[in-house]
Amino acid sequence: MRYFSRYFSRYFSRYFSNAINARVLPLVVFAVSIGLPAKTARFPFDPSRGLVEVEGTLNGALVGRFGLDTGADLLYIDREFARRAGVLIPENEQGKIVRGIAGQSHVATKQIRSFAIGDERIYNVPIEIIDMQALAGIDGNPPDGLIGYEALRRFYVTIDYPNQKIDLFSFEPRYDPNSVISVLFDQVGHLIVVKCEVEGEEMKMFLDYCASHTILTPQALEKLGRRDTEGQSLENITLGEIVASDIPFSVRKLDNLAGPLMAELDGILGYSFLRRYRVTIDYKRRQLLFHR
C-alpha cells in the first residue's frame, strides 16, 4: 500500500455537489490549436518514483514536472503551480469535484495561452486546475500537473523504461512487424483496458503510466486465493505474448472511482509491470506495441 499511496494513480471522475449544476462532460469539449511538424521529439525521464514525468512549460514561462498519465482524461495543473505561472484562477466552480483513488479535489476550469514539452507546443489549451496534494491523499511531492488523454491521443507515445527515454511521434511510425508484439486494447472513455492473466486467472485491468505500482482489488486478490500481500510479488502476468514475472503489487479498492466500469475491473497495470519494456501506444488502432 505504501508504494501506491506515495505516488498515486487516478481514474478521474466528476460529480457535482449541487444537483442544479450537474451535467455530463464529454471527453472532447474544446478546440485546441495545434501545429506539429512531422518529426519525433525525444525526452529523458527519471523513473525512480515509478512515474513517467517530463518537464513542461506553462505559458512560455514556468517550468514544472508533469506526469504522462493514461489514467487521466485532460490536462490537469496544480493550483499552486498555476498561481506561480500567473494564471487567474476562477473561484466560482466549487461544486465541481475530481476524484482519484487516494483523494479528491475541487476543480476550476481555465484556458491557458500555451503548454510545451520541449519543442512541441500546443496553444489555447483548456486545463483543469486542481489540488494535486489533496488528490494524492497524503503529504509528499506530487507532480505539478498531469498530461492526460486529450493531449496524448494526438501523438504516438513510446515509453522506453529500460533506457529512460520518451518519444513523441507526430506522425505514424513504421516498425518491422518482427520487431514488435501487438496487444489490442479496449478504449473505455479515455482508459486503456486490457484482458490479461494474473497467475493463470483471467482479469481485466487498465494501463496507467502514472501508477507507481501494479494494483489488484481485494476481489482480484480473492480470485488468486491470497490474503497477506505485504512484501509479496505476483508470480506472473501474461498480456498477449508478453509474460512478466516477479511483479511487486499492492491491494486497493477502486470504489472511490465513479462509474459502472470500475466494478468490472480487477486492477491497474503500473510501473512494476511496465518497467521492463519499451511500449508504444497507438490510440488510432487501439493497440499497444511492445518492442522486442
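Residues numbered from 1 in each chain as written. Predicted model: local features only at pLDDT ≥ 70, side-chain atom pairs only at ≥ 80, totals over all residues. Heavy atoms only, no water.

Let us now look at the confidence of the model for the protein chain. When pLDDT is averaged across the protein chain, the result is 82; 82% of the residues are at 70 or more. Scored below 50 in pLDDT, residues 1–38 shows 113 contacts in the model against residues more than four places distant or in partner chains. (pLDDT = per-residue confidence, 0-100. Contact = heavy atoms within 4.5 Å.)

A few words now on the pattern of salt bridges. If you walk through the whole model with that rule in mind, you get eleven salt bridges. R42 is the salt-bridge partner of D167, the closest N and O atoms lying 2.7 Å from each other. Here R42 lies in strand 3 (residues 40–44) and D167 lies in strand 13 (residues 165–169), a separation of 125 residues in the sequence. For D167, a relative accessible area of 6% gives the class buried. With a shortest N-O distance of 3.8 Å, E80 and R83 are connected by a salt bridge. (Salt bridge = Lys/Arg side-chain N within 4 Å of Asp/Glu carboxyl O. Helix = DSSP H or I, 4+ residues; strand = E, 2+ residues; numbered from the N terminus. Buried < 20%, exposed > 50% of the residue type's maximum accessible area, 1.4 Å probe, protein only.)

Tallied over the entire structure, the rule returns ten aromatic pairs. Taking 5.4 Å as the distance between ring centres and 85 degrees as the angle between the ring planes, the aromatic pair formed by Y277 and F290 counts as edge-to-face. Here the residue Y277 occupies a position in the loop between helix 7 (271–274) and strand 22 (278–282), and F290 occupies one in strand 23 (residues 287–291), the gap between them amounting to 13 residues. Across this residue pair, the class does not change: Y277 and F290 are buried. Ring-pair connections join several aromatic residues into one group, and the members of that group are F45, Y161, Y209 and Y271. (Phe/Tyr/Trp six-rings, centres within 6.5 Å; stacked < 30°, edge-to-face > 60°.)

Here we come to the sheet that holds strand 22. Pairing is antiparallel across the open sheet formed by six strands, whose spatial order is 3-13-12-22-23-14. In this open sheet, the two edge strands, each paired with only one partner strand, are strand 3 and strand 14 (180–184). Each strand axis lies, on average, 20 degrees off the axis of its neighbour in the sheet, ignoring direction. With five bridges joining them, strand 3 and strand 13 adopt antiparallel strand pairing. Within the sheet, the bridge partner assigned to R42 lies in strand 13 and is D167. (Pairing = 2+ DSSP bridges. Axes fitted to C-alpha atoms, helices over the stretch in contact; angles between N-to-C directions.)

This next bit is on unusual backbone geometry. Although it is not a glycine, E199 adopts a positive phi angle of roughly 50 degrees. As for its placement among the helices and strands, E199 is situated in the loop between strand 16 (191–198) and strand 17 (201–207). Residue E199 is classed as partly exposed on the basis of its relative accessible area of 22%. A positive phi is found at D246, a non-glycine position, where the angle reads about 55 degrees. Along the chain, D246 falls in strand 20 (residues 242–251). The class of D246 is partly exposed, set by a relative accessible area of 48%.

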